[in-house]
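# Observations on the three-dimensional arrangement
One-letter residues, chain by chain:
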Amino acid sequence: VQLVESGGDLVHTGGSLRLSCAASGFTFSSYTMSWYRQAPGKERELVSSITSNGGITNYVDSVKGRFTISRDNAKNTVYLQMNSLKPEDTAMYYCTVGLGNKRYWGQGTQVTVSS
């Protein structure tokens, strides 16, 4: 299983970014995918998740209305569109999938929002 995130960058408050996570090594279209983030000195938190066919999405309250998760099962890729970014969104963002009793993580992509 391999998860490779990309798209992180340094942006100003109010800016936008789209994160991508390219997956391989498992049947991508069969599994819920999630994005987590971890800011310095804080615990990792679930940001958003999307079911296997994209029919159900969930978001942490702090990003509702600003972030949109989506997936392209033909490309084995999950996305996180982030708009109206705030300094408190600054974190390392991770893509993750649970397969059986094991959870797999990517290496992360850094998002930094300057005020």
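Residues numbered from 1 in each chain as written. Predicted model: local features only at pLDDT ≥ 70, side-chain atom pairs only at ≥ 80, totals over all residues. Heavy atoms only, no water.

## Comments concerning the pattern of salt bridges
Heads up, the condition is: By salt bridge we mean one thing: a side-chain nitrogen of Lys or Arg within 4 Å of a carboxyl oxygen of Asp or Glu. Put simply, DSSP marks the helices as runs of H or I at least four residues long and the strands as runs of E at least two long, and each gets a number from the N terminus on. When a residue's accessible area, from a 1.4 Å probe over protein chains only, is under 20% of the maximum for its type it is buried; when over 50% it is exposed; and in between it is partly exposed.
One pass over the full model with this rule turns up four salt bridges. Measuring nitrogen to oxygen at the nearest pair gives 3.0 Å for the salt bridge that ties D89 to R37. Here R37 lies in strand β4 (residues 33–38) and D89 lies in the loop between β8 (77–82) and β9 (91–99), a separation of 52 residues in the sequence. With relative accessibility at 0%, the residue D89 sits in the buried group. Its salt-bridge partner being D89, residue R66 comes within 2.7 Å of it at the nearest N-O pair.

## A short note on the sheet that holds strand β1 (residues 2–6)
Operational definition: Think of it this way: DSSP has to see at least two bridges between two strands before they count as a pair. To get an axis, fit a line to the C-alpha atoms, keeping to the stretch in contact for a helix; angles then go from 0 to 180 degrees between the N-to-C directions.
Spatial ordering of the open sheet is given by β1-β3-β8-β7, a layout of four strands whose pairing is antiparallel. Looking at strand neighbours, the two that pair on one side only are β1 and β7 (67–72), the edges of this open sheet. Mean inter-strand twist for the sheet, computed between neighbouring axes without regard to direction, equals 15°. Summarising the sheet, β1 and strand β3 (residues 17–24) pair through five bridges and their orientation is antiparallel. Bridging from a neighbouring strand, Q2 pairs with S24 of β3.

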